[in-house]
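Structural characterization, general
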Amino acid sequence: MIEALYIHIPFCSYKCPYCDFVSFTQSFVSHGEYLKLLIKELELYKGANFSLRTIYLGGGTPSLLNPSLYEEFFKNLSSIVDIRKVEEITLECNPETYREDDFKRIAQIGINRVSIGVQSFKEKGLKALGRRHTVKDSLDCIMSAFKAQIDNINVDLIYAYPNQSMKDLEEELKFLEDLPVKHVSCYLLTPYEDTLFGELVAKGSLKLLGDDQIADMYSFIVNGLKELGFEHYEISNFAFSGYECKHNLSYWLGKEFLGIGVSAWSFIDNVRFGNTKNLFKYIEMLKRGEKPAIYREVLEGVELFKDRLFTRLRTSLGIPKEYTQLIPEDLLVFFESTDSGLRLKEEGMLVINEILLRIFESLRIKL
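Because the structure is a prediction, the values reported are computed rather than measured. (Residues numbered from 1 in each chain as written. Predicted model: local features only at pLDDT ≥ 70, side-chain atom pairs only at ≥ 80, totals over all residues. Heavy atoms only, no water.)

Further remarks concern the side chain of S236. Within the element layout of this structure, S236 appears in the loop between β7 (231-234) and β8 (237-239). Once residues lying within four places of it in the same chain are set aside, the contact partners of S236 are V184, S185, C186 and Y187. (Helix = DSSP H or I, 4+ residues; strand = E, 2+ residues; numbered from the N terminus. Contact = heavy atoms within 4.5 Å.)

Pasting the structure below:
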């Protein structure tokens, strides 16, 4: 049963130096033409077993598109799949794009959650991250969405950028005290190999913060956001009670989801499959009436179990009690009991990759 629909909008006005998502600053296909391609792709899944609860428009920069295009798009989408029971529709937004009238228009469509790519509430941080918007842009965007009566607002923040201090981080979080934000995503700056930052780190011309500094910052974020009333429900995500991202929870809890658009991934019937990253190939395959998925992985047995561990251990829900026997005894110190099973303590979240490797190695030996 497909409960979540992800829609990839690949357009950007510029490429951030840390971003490894598929996006294009120039394209021979217009925004409107691309949305028509998405509908064409969705039609190829018309016979699938849908019971949609969430829709997520990610990117790229979905807020580069005029709201009028989304009005037409959602009209076409609703003719293919029933969206009457959808509870949450998220649109990612850059701070320098939409304002109150734009938010009012998308709210009328049914978009009831926005995720704003603030990244930093300090000009110093924005400069270090290669962002072109200002702190004022972020504040204006947040308040514009709120005035448009979009109550469910997330902000993305990136921490451990070059030369960030604990004082900087403290000032970042202080902004959240007076803003109508219900959800915060805090991501560690990661210099992925195919990004500008990745190249600069490899050359030694960009110095990142050390592991101890990163650990201190993570702990400060967790404690600081808890003091503001945010619950830590996933490694990088914090929300007021009832405002957890339902769409992302579908991923982490192993629900089925369909992704449409260039580079989008899906998970249906224990098969993970992904679309081509090449926009030209994506268009050509759709013109031939072919699904643009070119990557495919069947998850079964141990691999499916490992996937469940990987996603569920990221969350405060954790894993069922029957999994306890699979955790090496010396790792149990990083876990705590819940009503239904086990979950990682905060100090366990810091070293989750090492913990997962140990568990997977233990599974391999036992099998």
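Let's pick the thread back up.
If you walk through the whole model with that rule in mind, you get 1 cavity of 30 Å³ or more. Put simply, the largest cavity is a space of about 40 Å³. If you trace the largest cavity, you find it lined by L157, I158, Y159, Q164, L169, E172, C186 and I221. Those elements that place two or more of their residues in the lining of the largest cavity are β5 (152-159) and α6 (166-174). At 3 residues, the largest contribution of residues to the lining of the largest cavity is made by β5. (1 Å grid on protein atoms, 1.4 Å probe; cavity = no way out; pocket = protein on both sides within 12 Å on 5 of 7 lines; lining within 4 Å. Points joined across faces, edges and corners; volume = space filled by probe spheres on them.)

So, on to unusual backbone geometry. Both trends apply: most residues other than glycine have a negative phi, and most peptide bonds are in trans. In this model, G59 is joined to G60 through a cis peptide bond whose omega is 15°. Relative to the helices and strands, G60 resides in the loop between β2 (50-59) and α2 (67-78). Phi at N163 takes a positive value of approximately 70°, unusual for a residue other than glycine. Relative to the elements of secondary structure, N163 occurs in the loop between β5 and α6.

Using the criterion set out here, one finds 21 salt bridges in the structure. Put simply, E87 and K246 hold a salt bridge, and the shortest N to O gap is 3.1 Å. Of this pair, E87 sits in the loop between α2 and β3 (88-93) while K246 is found in helix α9 (residues 246-252), placing the two residues 159 residues apart along the sequence. Close ionic contact of D140 with K136 constitutes a salt bridge, the shortest N to O distance being 2.6 Å. Placement of the pair is D140 and K136 together in helix α5 (residues 135-147), with a separation of 4 residues, close to one helical turn. (Salt bridge = Lys/Arg side-chain N within 4 Å of Asp/Glu carboxyl O.)

If you add up the space inside the second largest pocket, you get close to 160 Å³. Considering the residues around the second largest pocket, the lining is formed by E170, L173, K174, E177, F220, G224, E227 and L228. Secondary-structure elements contributing two or more residues to the lining of the second largest pocket are α6 and α8 (211-227). For the lining of the second largest pocket, the class distribution of residues is 3 nonpolar, 1 polar and 4 charged. (Nonpolar A, V, L, I, M, F, W, Y, C, P; charged D, E, K, R; others polar.)

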